[in-house]
Amino acid sequence: MTSVKEIVGEMAGASPEDIAFVEKAYEYSKKAHEGQLRYSGEPYFAHAAATAKVLAEYGMDATTIAAGLLHDAVEDGRVSRAEMEKEFGKELLFIVDGVTKLGTHKYRGAERHAESLRRLLVATASDIRVLIVKLADRKHNMQTLEYVPEHKRRRIALETLEIYAPIADRLGMGKMKSTLEDLAFPYVDPDAATHAAEVRKLKTQETEDGLAKVQKELLRELKAKGLTTFRSDIRMKGLWSLHQKLKRKNDDISLIHDIAALRIVVPTVEDCYTTLGTVHALYKPLPGEFKDYIAFPKPNGYQSLHTTVVTPEAGIVEIQIRTEEMHRRAQFGIASHMTYKQLGKGVEKLGKEVQKSRFSAISFSWIRSLIPSLMKVSRKSDGPKGVTKVPPWLAELAEAHTEVAGSEEFVEGLKEDFFSHRVFVFTPQGDVIDLPAQSTPIDFAYAIHSDLGDHLQGAKVNGKLVSFETELGNGDIVEIIRRDSAHPSQKWLEIARTSLARRHIRATLGMTEPAKPPRTRRRFWKKKAA
Ligand code: MN
C-alpha cells in the first residue's frame, strides 16, 4: 500500500499547505473506501493511493494529486459531491467529475471508431488534468488487471492499447504511453507478446557487452572534446513498439537496430550537435538513418537526434542524443509544461509556458487539430450533452499557437484540417461515430453498415422519432429502426451529406456510379514507433 509519505515525498518544492491538503485527502479517501475491496483482495483505497503517487511523480499540483486520491469516491456513492466540494473545493470536484465522465465512454473494439473516441475523450476533458488523472488511474488498473474477471480483461486491455496509450502519445507522454502499451500487450495478443519478449532478450544478450564498450569509448571521446556534464544510458525498446516494427519488417530481426539504443543526455542543443559530430567521427553512420527531431520535432513535440552507426564492438547501434529538457518532455509531455508551482495559478500558465519554447509552435499538432472542430461545435450546439464548448486549456493552447506560429500558418492549418466541421454522435451501445457537420440519420445508418442504410425505416434521436432531414448534433444518441421492406428513395440523395451514403443510395436505386477515384484523405497522424 502506497503510504502518504511516498506520495508527499514526490512533491518537491510543495508548500506546507499543499502537503496538508494531500494528507487530508489521503485520510479522507481511506475512510471513504473503508471495507471496500479490489478484485485482487487488496483494500480499494490502495488503488486511489497508487493513482495519486503516479500523479505526484508526474509533478502535478496538490489539487490533482488529491483528486487522484478521491477520483472513485463520488462514483461509488461513498461521498456526496456537495461534501467533497465543501471539504476540498470546487476545483477538485471539477477534476473528479471530469474523470467520472470520461469513464462513461467505453471502447468496444470497433477499430474504425477508435480515433473518434480518442478525440471525444480529449474534447470532453474540460481540463488537461482530468486526462492526466485518467491516465494515472488506468496505469494502476493495468498493473492489477490479472485479478479482474477474464471476460473483462481483454476489453480493458484493448481500450488501453487503442485509446489511452495513443492519447498519452499525442500528449507527448512517452513514458506513460510505453508503460500502458506493455502492460496491455500480453492480454491482447499473448503469443505475439511472448515472441517480442524473446526477440528482445536474444538481441539484448547479443549486444549487451558490445554496447557497454561503445558507451565507454564514446564517453571517453566526449570528455576529450570538453563535454563533461552529460549522462548516458541504454534504453530498451518497448515490447508493443517492437512488435509493431517486427510486423513492418516481416519479422526480420536483422533489420531492427534500435532494440537497445544508446541514449546520451547533454546540457544544451549545441552539445547535441557536438556529440553527433563525435559519434559520426568515431563510427560510420548508416546513410538515410539519421533523423533530426530537434530541428523537426514529431507532431507530439518529441525532440532528439537519432542516428544509426556501425560499431566494431556491437554491430549496428542506434544512438539518441538530446538535452535534459528534451528528455523530461519526452517522458512527461504535456504534463511537463505544468510543473508543480505553475499549475496552482491555473491553465493560463500552460499557454505561456508553451510560448516560451521556440519549437512548441509546431508541437502538439494533434491537439491543435482538434481545436477548429471544437470551435465550430461550440457555436452550433449548446445542449448539455457532448462537446459544447472549447475546454479552456485547449483554447489557451490555440491562442499560444496563434501568437507563436503567426496567424497565417494557423489559419491555413484550420482550413486544411481534416477534422474540422465534424460532429460526434453515439449509438445506443455508446460507440462514438463521427460524421461531417449537418449529417442526418441517413448518414449515420450508412456509417454503421450499408445494410442498415439500405433498410432504414426510421430513426430515433435521444429516444424521440425524428424525420430523416434532422441534423444530428453533438452527443446525440441515434437509434436506427430497420425493416426488410424499407428502401432508399431518390429524395434521400438530397438529404444525405456523406459521399458514402450517397454512393450506396445511388447503387440501390440502380444509378450508375460516376467513375471517380476513391477520395484520399490526408492522414494527419501516422502511427510511428520511435
Ligand atoms: Mn479508478
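The following refers to the structure shown. Residue indices follow the written sequence of each chain, beginning from 1 at its first position. Residue-level local features of this predicted model are given only where pLDDT is at least 70; pairs of side-chain atoms are given and counted only at 80 or more, and the full residue set underlies all totals for whole chains, interfaces and linings. Working from all heavy atoms in the structure, the side-chain values ignore hydrogens and water.

## Section: the overall build of the protein
Only DSSP runs of H or I reaching four residues or more are called helices, and only runs of E reaching two or more are called strands; each is numbered from the N terminus. The helix and strand inventory of the protein stands at 23 helices and 11 strands. When accessible area is computed with a 1.4 Å probe and restricted to protein chains, residues below 20% of their type maximum are described as buried, those above 50% as exposed, and intermediate ones as partly exposed. Within the span of the protein, comprising 530 residues, buried residues form 53% of the whole. Contacts are assigned to residue pairs with any non-hydrogen atoms lying within 4.5 Å of each other. A separation of at least 24 residues holds for 68% of the contacts in the protein among residues at least 6 apart in sequence. Here the protein has roughly 24,400 Å² of accessible surface; of this, 52% comes from carbon and sulfur atoms. Computed by Shrake-Rupley with a 1.4 Å probe, the accessible areas treat only the displayed protein chains as cover when residues are assessed.

## Considering the coordination of the manganese ion
Six octahedral donors around a metal ideally subtend angles of 90 or 180 degrees, whereas four tetrahedral donors ideally subtend 109.5 degrees. Atoms are scored as donors when they are N, O or S and lie within 2.8 Å of the metal, with 3.2 Å used for Na, K and Ca; no water is included, so coordination may look incomplete. All of the protein donors around the manganese ion are H47 (NE2), H71 (NE2), D72 (OD) and D137 (OD); their distances to the metal are 2.1 to 2.3 Å. Here the donor residues of the manganese ion share one chain and are spaced in sequence as H-x23-H-D-x64-D. Judged on exposure class, the residue H71 and its partner D72 are both buried.

## So, the sheet that holds strand β10 (residues 464-466)
Note: two strands are recorded as paired if DSSP finds a minimum of 2 bridges between them. One open sheet accounts for 3 strands, arranged β10-β9-β11; its pairing is antiparallel. With one partner strand each, in any of the chains shown, β10 and β11 (478-482) form the two edges of the open sheet. Ignoring which end each strand starts from, the neighbouring axes of this sheet average 35 degrees apart. Pairing of strand β9 (residues 456-461) with β10, which is carried by 3 bridges, proceeds in the antiparallel orientation. Where helices are involved, their axes are fitted lines through C-alpha atoms of the stretch in contact, as for all axes, and angles between N-to-C directions lie from 0 to 180°.

## Some words on helix α6 (residues 90-103)
For a helix, the expected span equals 1.5 Å multiplied by the residue count minus one. Relative to the 20 Å expected for 14 residues at 1.5 Å per residue, α6 spans 20 Å between its end C-alpha atoms, a close match to the ideal helical length. Among the residues making up α6, those that are buried are L92, L93, I95, V96, G98, V99 and L102.

## Things to note about the packing of aromatic side chains
Paired rings are identified among Phe, Tyr and Trp, the last through its six-membered ring, by centres lying within 6.5 Å, and are further divided according to the angle between planes into stacked (under 30 degrees), edge-to-face (over 60) and tilted (the rest). If you walk through the whole model with that rule in mind, you get 7 aromatic pairs. Aromatic pair Y28 and F88: ring centres 5.1 Å apart, planes at 80 degrees, arrangement edge-to-face. Of the two residues, Y28 is situated in helix α2 (residues 16-32) and F88 in helix α5 (residues 81-88); the sequence distance between them amounts to 60 residues. Each member of the pair Y28 and F88 is classed as buried. For the ring pair Y293 and Y302, a centre distance of 5.9 Å and an interplane angle of 70 degrees mean the geometry is edge-to-face. For Y293, a relative accessible area of 10% translates into the label buried.

## A word on helix α10 (residues 174-188)
Under the 1.5 Å per step criterion, the end-to-end length of α10 is 20 Å for 15 residues, consistent within 8% with the ideal 21 Å. All of the buried residues along α10 are M176, K177, L180, E181, A184, F185 and V188. The inward-facing, buried residues of α10 abut α3 (45-57), α8 (128-143), α9 (150-170), α11 (190-224), α12 (239-248) and α14 (324-332).

## Examining the environment of F94
Topologically, F94 is positioned in helix α6. Taking the C-alpha atoms as reference points, F94 and R81, separated by 13 residues in sequence, lie 9.9 Å from one another.

## Observations regarding the packing of α2 against helix α4 (residues 62-70)
Where α2 contacts α4, the axes come no closer than 9 Å and their chain directions differ by 5 degrees. Here α2 is positioned roughly parallel relative to α4, judged by the angle of their axes. Contacts from D18, F21, V22, A25, Y26, Y28 and S29 in α2 reach A62, T63, I65, A66, L69 and L70 in α4. Charged means Asp, Glu, Lys or Arg here, nonpolar means Ala, Val, Leu, Ile, Met, Phe, Trp, Tyr, Cys or Pro, and polar covers whatever is left, Gly included. Partitioned by chemical class, the residues of the contact of α2 with α4 number 10 nonpolar, 2 polar and 1 charged. Small angles under 35 degrees read as roughly parallel and large ones over 145 as roughly antiparallel, with 65 to 115 read as roughly perpendicular and the rest as oblique.

## Focus: the packing of α6 against α8
Taken N-terminus to C-terminus, the directions of α6 and α8 make an angle of 60 degrees; their axes are 9 Å apart at the nearest point. Judged by the angle between their axes, α6 and α8 are oblique. Considering the relative orientation of α6 and α8, their crossing is right-handed. Across the interface between the two elements, E91, I95, G98, V99, L102 and G103 from α6 touch R129, V130, L131, V133 and K134 from α8. The residue inventory of the contact of α6 with α8, partitioned by class, reads 6 nonpolar, 2 polar and 3 charged. In this scheme, a crossing is called left-handed if the near helix is turned counterclockwise away from the far one by less than a right angle; it is called right-handed if the turn is clockwise.

## Points about the nonpolar core
Judged by nonpolar contacts, the single largest core of 83 residues is most densely connected at I65, L69, M84 and M173. No other element matches the 9 residues that α9 contributes to this core. The residues touching M84, leaving out its near neighbours within four places in the chain, are L70, A73, V74, V79, G89, L92, L93 and V96. By nonpolar core we mean a set of buried residues, namely Ala, Val, Leu, Ile, Met, Phe, Trp, Tyr and Cys, connected to one another through side-chain atoms within 4.5 Å.

## Re the pairing of strand β6 (residues 315-323)
By the criterion of burial, β6 is predominantly enclosed, with 7 of the 9 residues buried. As paired strands, strand β2 (residues 260-266) and β6 are joined by 6 bridges and run parallel to one another. In the strand pairing of β6, A261 is matched with E318. Sheet topology places strand β5 (residues 305-311) next to β6; 7 bridges connect them, and they run antiparallel. In the sheet register, T311 faces β6, and the bridge partner there is G315.

## Remarks on the side chain of T307
You can see T307 is positioned in strand β5. At 2.7 Å, the side chain of T307 forms a polar contact with the side chain of H280. The contact partners of T307, leaving out residues within four places of it in the chain, are L276, V279, H280, P285, E289, F290, V317, E318 and I319. Any pair of N or O atoms that falls within 3.5 Å is considered a polar contact. Within protein, one atom must be able to donate a hydrogen and the other to accept it, and sequence-neighbouring residues count only if both atoms are side-chain atoms.

## Some remarks on unusual backbone geometry
In terms of backbone geometry, most residues other than glycine have negative phi values and most peptide bonds are trans. Positive phi values are uncommon outside glycine, yet N250 reaches one of about 50 degrees. The residue N250 is located in the loop between α12 and β2 in this model. Note on N250: relative accessible area 69%, which makes it exposed. Look at N462: it is not a glycine, yet its phi comes out positive at around 50 degrees. Mapped onto the secondary structure, N462 falls in the loop between β9 and β10. In this structure N462 comes out as partly exposed when scored by relative accessible area, which is 36%.

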